[in-house]
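Structure assessment
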Amino acid sequence: MAIDDDSQPELHLLMGNTKPLGGMESSGTMTSWCGHCGMGLATPVPPPGPGSSFRCAFCHGVTRIERHRGVRESAMPIKIAVTASLSVKREIPASFPKICGMKKRALLVGVSYTGTPHELKGTVNDVKEMRRLLVDKFAFPSGCILELTEKESDPSRVPTRENILLAMRWLTEGCGSGDSLVFQFAGHGVQHVDLKDDEVDGYNEALCPVDFEQSGNILDDEINETMVRPVGRGVKLHAIMDTCHSGTILDLPYLCRLSRTGYWQWENHYPGGRGKRPNGGLVISISGCRDDQKSADTSGFAESASIGAMMDSFIQAVDAEPGTTYGRLLSAMRARIRDGHGSRRLPGRLGSYMRRMTASSGVQEPQLCSSEMFDIYRKPFLL
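Residues numbered from 1 in each chain as written. Predicted model: local features only at pLDDT ≥ 70, side-chain atom pairs only at ≥ 80, totals over all residues. Heavy atoms only, no water.

What follows is about the nonpolar core. Formed by 40 residues in total, the largest nonpolar core has its most connected members in Leu107, Phe183, Phe185 and Leu250. If you list the elements that add at least two residues to this core, you get strand E9 (104–110), strand E10 (145–148), helix H2 (161–172), strand E11 (180–186), strand E13 (203–207), strand E14 (218–219), helix H4 (220–228) and strand E15 (236–242). Considering each element in turn, this core owes the most residues, 6 residues, to H2. Residues in contact with Phe185, not counting those within four places in the same chain, are Val109, Val111, Tyr113, Ile164, Leu207, Cys208, Ile240, Met241, Asp242 and Thr243. In this structure, Trp264, Tyr326, Phe374 and Ile376 belong to the second largest nonpolar core, which totals 33 residues. (Core = buried A, V, L, I, M, F, W, Y, C linked by side-chain atoms within 4.5 Å. Buried < 20%, exposed > 50% of the residue type's maximum accessible area, 1.4 Å probe, protein only. Helix = DSSP H or I, 4+ residues; strand = E, 2+ residues; numbered from the N terminus. Contact = heavy atoms within 4.5 Å.)

A few words now on the environment of Met311. Mapping Met311 onto the fold places it in helix H5 (residues 309–320). Between the C-alpha atoms of Met311 and Ala186, which are 125 residues apart in sequence, the distance is 8.5 Å. Every residue in contact with Met311, bar those within four places of it in the chain, is listed here: Asp126, Met130, Gln184, Ile240 and Asp242.

In terms of residue burial, H4 counts as a mostly covered element, since 8 of its 9 residues are buried. When we look at burial in H4, the residues that qualify are Asp220, Asp221, Glu222, Ile223, Asn224, Thr226, Met227 and Val228. Those residues of H4 hidden inside the fold are in contact with H2, E11, E13, E14, E15 and strand E18 (282–287).

Structure representation (structure tokens):
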């Protein structure tokens, strides 16, 4: 689900540039980096205050600029320190479930953006349905599931940028061989221009926490570093992503794309070996749409509650065929999403024509990415 970044409020709005860190723009400015997208920022010297925040006009992320002086303040030069607006170097909250001995654990995030122009109605239902599926179908202990929603009374379980990153650490911390991990996200997603030249399409994908207007988004690079790379040998992590621009949101090297002949085939998105792989484990993401697409709710699904179209199709497919393969799961999800956009209500040749044409239309297409290739038509889908 995408948002219009133009509606975000301004703090100190700075235009981007590409000059080196520390280069002087003029007698009154200095170049620093945006803490989120890496774009150069022409910041005033000295900053307006001892701890000023600036919003990047390019990605709208907020970066905190601090000035540090020595003991004799008048004699020491000003040093500019650029940091992201929030840090996740603190301890994991004590209220999170204890992970010792857990072979199965899950992090479920539903962001509603309540009271904002970006409000979503079905994300809490997504979390509830995913919890039911994990407990009833895949024997996840209820006590090993961590939920972050705006309905939570515990401040550490509200889906802020910092809480989500801390929860990602909780999910993978101390995992060992035989562990099964699940991460689910329902909310808004956006794209930013890739400045590191490590994206095939030239864009980074990002998740929008509830406080994205103040604290910035969570880039795919951060997701990969925090949640993908720590996955060790013998551990598997599944990510279920119902958000716009989510096809390669975990920066995994292999994307399974539907060919013109109707078969799912793997593509290597990092042929030069630059893929950000886990530490010997297996990471698989199932997302609601391609990187260039937007995700929808179930407004076209008359019999469904208000949940994401991707989550609806995923749960229906798993419920309908226990022990299904990844290939059959993808095909079932794709068919339900296309049907939900109205083509199933058209009979005869017209309905058949519309169902064929929706493959090339703007209807969202579920995506499968993985840290390694496998036979999706034979490998059972197991969490």
